[in-house]
Amino acid sequence: MWQRHKDIWSKEKTCDRLPKFLIIGPQKTGTTALHSFLSLHPAISSSFPSPISYEEVQFFSGPNYQRGIDWYMDFFPIPSNVSTDFLFEKSANYFDSEVAPPRATALLPRAKIIAVLINPADRAYSWYQHQRAHQDVVALNYSFHEVVSARRSSPPALQALQRRILGPGAYASHLDRWLHHYQPSQLLIVDGVLLRSNPVQVMNGVQKFLGVTPHYNYTQALMFDETKGFWCQRLDGARSRCLGKSKGRKYPDMSAETRALLSEHYREQNLELLRLFNRLGQAPPPWLREELHGASWS
Ligand SMILES: Nc1ncnc2c1ncn2[C@@H]1O[C@H](COP(=O)(O)OS(=O)(=O)O)[C@@H](OP(=O)(O)O)[C@H]1O
């Protein structure tokens, strides 16, 4: 912990209400599904939902940081057993934040960090659809292709939206920043595509990474909901509880032309990401290998 934190830390204060792990994002990769599946685990408890920022605490990444550690700890329940209970929070904008990694490691040096990645082109498209659903005027006025192909001569608002859409997809750069502050063994990169198609397999891997006991049987806890088209929590009988309408939206496929443009845009970053998986000794997700099919990356 930073000396500055230690100096203002009272003797009666407890660290028990601090998270053991963080889901850092990025946005639109499946972080809410991961959050909700983890919350089913008997030994894992999430932060309380924040009423001001789509339920996320967003402490390390922005102005909430100035509210202090007590404000942050109040978001967490008092664990029933400090050594076995796992508190966590997910704030999907930690991923691409410059300030979140140094701040997080200062307070939570032993925390585990989970990032969820899908193809950055799909992430960008999902985020664009999200902005449209939230009545973002620029996203409503321009097609996805127009946004991602905007140039320096384009209206500033369009360029600003383009930066917000494309920026988080520079996965390798953002992960490098986290790895500057956390050991590789503290970081788990979840394949968001696998999380969507086979959440049981992913949740088994996540439990192993966290070292949480007892092992929770997600085969029984989850079921595929044909109407929703996604995996959901299994309730009594054949009923299920799925994520809300804003998760798993229906929208047209991305055009081949836009996908090609984004493939080119993210090529260097994706190559770096492949090297990063190599360095970490982790298998890259199939979508990354397909994206870079034929590329020389060693
Ligand atoms: N089980 C399940 N149920 C619903 N949705 C699922 C699930 N697994 C993965 N996904 C994908 O999650 C995408 C939303 O990602 P996030 O939760 O990270 O979005 S957010 O940043 O918190 O808004 C969401 O993106 P869209 O399909 O674009 O809506 C889903 O594709």
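Remember, it's a predicted structure, so these values are computed and weren't measured experimentally. (Residues numbered from 1 in each chain as written. Predicted model: local features only at pLDDT ≥ 70, side-chain atom pairs only at ≥ 80, totals over all residues. Heavy atoms only, no water.)

Points about the state of the cysteines
Convention followed: Cysteine sulfur atoms that come within 2.5 Å of each other are treated as a disulfide pair. Only DSSP runs of H or I with at least four residues qualify as helices, and only runs of E with at least two residues qualify as strands; both kinds are numbered from the N terminus onward.
Overall, the coordinates contain one disulfide when judged by the stated rule. Residue Cys 232 pairs covalently with Cys 242 via a disulfide, S to S 2.1 Å. Handedness of the Cys 232-Cys 242 disulfide follows from its S-S torsion of about 100°: it is right-handed. With Cys 232 in strand 7 (residues 230-234) and Cys 242 in the loop between strand 8 (240-241) and helix 13 (256-280), this pair connects stretches of sequence that are ten residues apart.

Some points on the packing of aromatic side chains
Using the following cut-off: Side-chain rings of Phe, Tyr and Trp (the six-membered ring for Trp) are treated as a pair once their centres are within 6.5 Å; stacked means planes under 30 degrees apart, edge-to-face means over 60, and tilted covers the remaining angles. Burial classification: accessible surface area is computed with a 1.4 Å probe over protein chains only, and a residue below 20% of its type maximum counts as buried, one above 50% as exposed, and the rest as partly exposed. Placement of a charge over a ring requires the Lys NZ or Arg CZ to be within 6 Å of the ring centre, with the centre-to-atom vector within 35 degrees of the ring normal.
On inspection of all chains with the given rule, the structure shows 18 aromatic pairs. Note on Phe 59 and Phe 60: the rings are 5.0 Å apart at their centroids and 70° apart in plane angle, and the pair reads as edge-to-face. Across the pair, Phe 60 and Phe 59 agree in class, each one buried. A centroid spacing of 5.2 Å and a plane angle of 70° characterise the contact between Phe 60 and Tyr 72, whose relative ring orientation is edge-to-face. Placement of the pair is Phe 60 in the loop between strand 2 (44-46) and helix 3 (69-73) and Tyr 72 in helix 3, with a sequence separation of twelve residues. Taken together, the ring pairs in this structure connect Phe 59, Phe 60, Tyr 65, Trp 71, Tyr 72, Phe 75, Phe 76 and Tyr 94 into an aromatic cluster. Over the aromatic face of Phe 86 sits the side chain of Lys 20, whose NZ or CZ is 4.6 Å from the ring centroid.

A look at the site of the ligand
What counts here: In this text, near means that some heavy atom of the residue lies within 4 Å of the molecule or strand in question. We define a polar contact as two N or O atoms separated by no more than 3.5 Å, with the added condition that, inside protein, one atom must be a possible hydrogen donor and the other a possible acceptor, whereas residues neighbouring each other in sequence contribute only through side-chain atom pairs. Using a 1.4 Å probe, accessible areas were evaluated by the Shrake-Rupley method; residue-level cover was limited to the displayed protein chains.
Taken together, 18 residues surround the ligand, and among them Thr 31, Thr 32, Ser 126, Gly 248 and Tyr 251 come closest. Here an oxygen atom of the ligand sits 2.9 Å away from a polar atom, N or O, in the side chain of Lys 247. Residue Tyr 251 places a side-chain N or O atom 2.5 Å away from an oxygen atom belonging to the ligand. Protein contact buries 94% of the 640 Å² of open area that the ligand shows by itself.

Some words on the nonpolar core
Note the threshold: What is meant by a nonpolar core is a set of buried Ala, Val, Leu, Ile, Met, Phe, Trp, Tyr and Cys residues, joined one to another through side-chain atoms within 4.5 Å. Contacts are assigned to residue pairs with any non-hydrogen atoms lying within 4.5 Å of each other.
Counting residues in each nonpolar core, the largest one holds 42 residues, and the members touching the most others are Leu 22, Phe 59, Phe 60, Tyr 72, Leu 108, Leu 175 and Leu 273. Within the residue set of this core, elements represented by two or more residues are strand 1 (21-25), helix 3, helix 4 (100-107), strand 4 (112-117), helix 9 (171-181), strand 5 (187-191), helix 13 and helix 14 (286-291). When residues no more than four places from it in sequence are discounted, the contact partners of Leu 175 are Phe 95, Ala 115, Leu 117, Leu 187, Ile 189, Leu 273 and Leu 276. Of all hydrophobic cores here, the second largest spans 25 residues; its members include Phe 37, Ala 43, Val 200 and Ala 221.

A word on the environment of Leu 158
Position of Leu 158 among the secondary structure elements: in helix 8 (residues 156-166). With 19 residues separating them in the primary sequence, Leu 158 and Ala 139 have C-alpha atoms 8.3 Å apart. If near-sequence neighbours (up to four positions away) are discounted, Leu 158 is found in contact with Val 138, Tyr 142, Glu 146, Val 147 and Ala 150.

Some words on the sheet that holds strand 7
Backbone-to-backbone hydrogen bonds pair the strands of a sheet. The strands run either parallel or antiparallel. This is how the line gets drawn: Only strands that DSSP links by at least two bridges are regarded as paired with each other.
Spatially, three strands are ordered 6-7-8 in an open sheet, and the strand pairing comes out antiparallel. The open sheet terminates on both sides in strands that have one partner only, identified here as strand 6 (222-225) and strand 8. As defined by bridge partners, strand 7 adjoins strand 8 across two bridges and the pair is classed as antiparallel. Bridging from a neighbouring strand, Arg 234 pairs with Ser 240 of strand 8.

A few points about the side chain of Arg 123
Convention followed: All tallies of charge rest on Lys and Arg as positive and Asp and Glu as negative; His and the ends of each chain are not included. Any Lys or Arg side-chain nitrogen found within 4 Å of a carboxyl oxygen on Asp or Glu counts as a salt bridge.
Along the chain, Arg 123 falls in helix 5 (residues 120-133). Buried within the structure, Arg 123 lacks any salt-bridge partner; its nearest side chain of opposite charge belongs to Asp 96, at an N-O separation of 7.0 Å. A polar atom in the side chain of Arg 123 sits 2.8 Å from the backbone oxygen of Gln 27. Residue contacts for Arg 123: discarding those within four places in its chain leaves Pro 26, Gln 27, Lys 28, Thr 29, Ile 118, Arg 164, Ile 165, Pro 168, Gly 169 and Tyr 171.

Some remarks on the side chain of Ser 91
Mapped onto the secondary structure, Ser 91 falls in the loop between strand 3 (86-90) and helix 4. Not counting residues up to four positions away in its chain, the partners in contact with Ser 91 are Ile 23, Ile 24, Gly 25, Glu 56, Val 57 and Gln 58.

Regarding helix 11 (residues 199-210)
Since the α-helix turns once every 3.6 residues, residues separated by three or four places project in the same direction. For clarity, the cut-off: The span one expects for a helix is its residue count, reduced by one, times 1.5 Å.
Over its twelve residues, helix 11 runs 16 Å from end to end, which matches the ideal 16 Å to within 8%, given 1.5 Å per residue. Residues of helix 11 that are buried: Pro 199, Val 200, Val 202, Met 203, Val 206, Gln 207, Phe 209 and Leu 210. Where helix 11 terminates, the next one or two residues include Gly 211, which has phi positive at roughly 70°.

A few points about the packing of helix 4 against helix 9
We apply this condition: Angles here are taken between N-to-C directions and fall from 0 to 180 degrees, while the axes themselves are lines fitted to C-alpha atoms, restricted in helices to the stretch in contact. Oblique is the label for any angle not covered by the other classes, which are roughly parallel (under 35 degrees), roughly antiparallel (over 145) and roughly perpendicular (65 to 115). Should the near helix be turned counterclockwise from the far one by less than a right angle, the crossing is left-handed, whereas a clockwise turn marks it as right-handed. Nonpolar residues are Ala, Val, Leu, Ile, Met, Phe, Trp, Tyr, Cys and Pro. Charged residues are Asp, Glu, Lys and Arg, and all others, Gly as well, are polar.
Contact geometry of helix 4 with helix 9 gives a least axis separation of 9 Å together with a crossing angle of 25°. In terms of their interaxial angle, helix 4 and helix 9 are classed as roughly parallel. The element helix 4 and its partner helix 9 pack so that their crossing is right-handed. Two secondary-structure elements touch here, helix 4 through Ala 100, Pro 101, Pro 102, Ala 104 and Thr 105 and helix 9 through Arg 177, Trp 178 and His 181. Here the residues of the contact of helix 4 with helix 9 are counted per class, giving five nonpolar, two polar and one charged.

Observations concerning the pattern of salt bridges
Oppositely charged side chains can pair when the atoms bearing their charge come close. Tallied over the entire structure, the rule returns six salt bridges. Between Glu 98 and Arg 177 there is a salt bridge, with the nearest N and O atoms lying 3.9 Å from each other. With Glu 98 in the loop between strand 3 and helix 4 and Arg 177 in helix 9, the pair connects residues that are 79 residues apart, well separated along the chain. Judged by its relative accessible area of 59%, Glu 98 is exposed. The class of Arg 177 is buried, set by a relative accessible area of 17%. Put simply, Arg 259 and Asp 122 hold a salt bridge, and the shortest N to O gap is 2.7 Å. With Arg 259 in helix 13 and Asp 122 in helix 5, this residue pair connects regions lying 137 residues apart in the sequence. When its relative accessible area of 31% is taken as the criterion, Arg 259 is described as partly exposed. Residue Asp 122 is classed as partly exposed on the basis of its relative accessible area of 29%.

In short, shape yes, function no, at least from these values alone.
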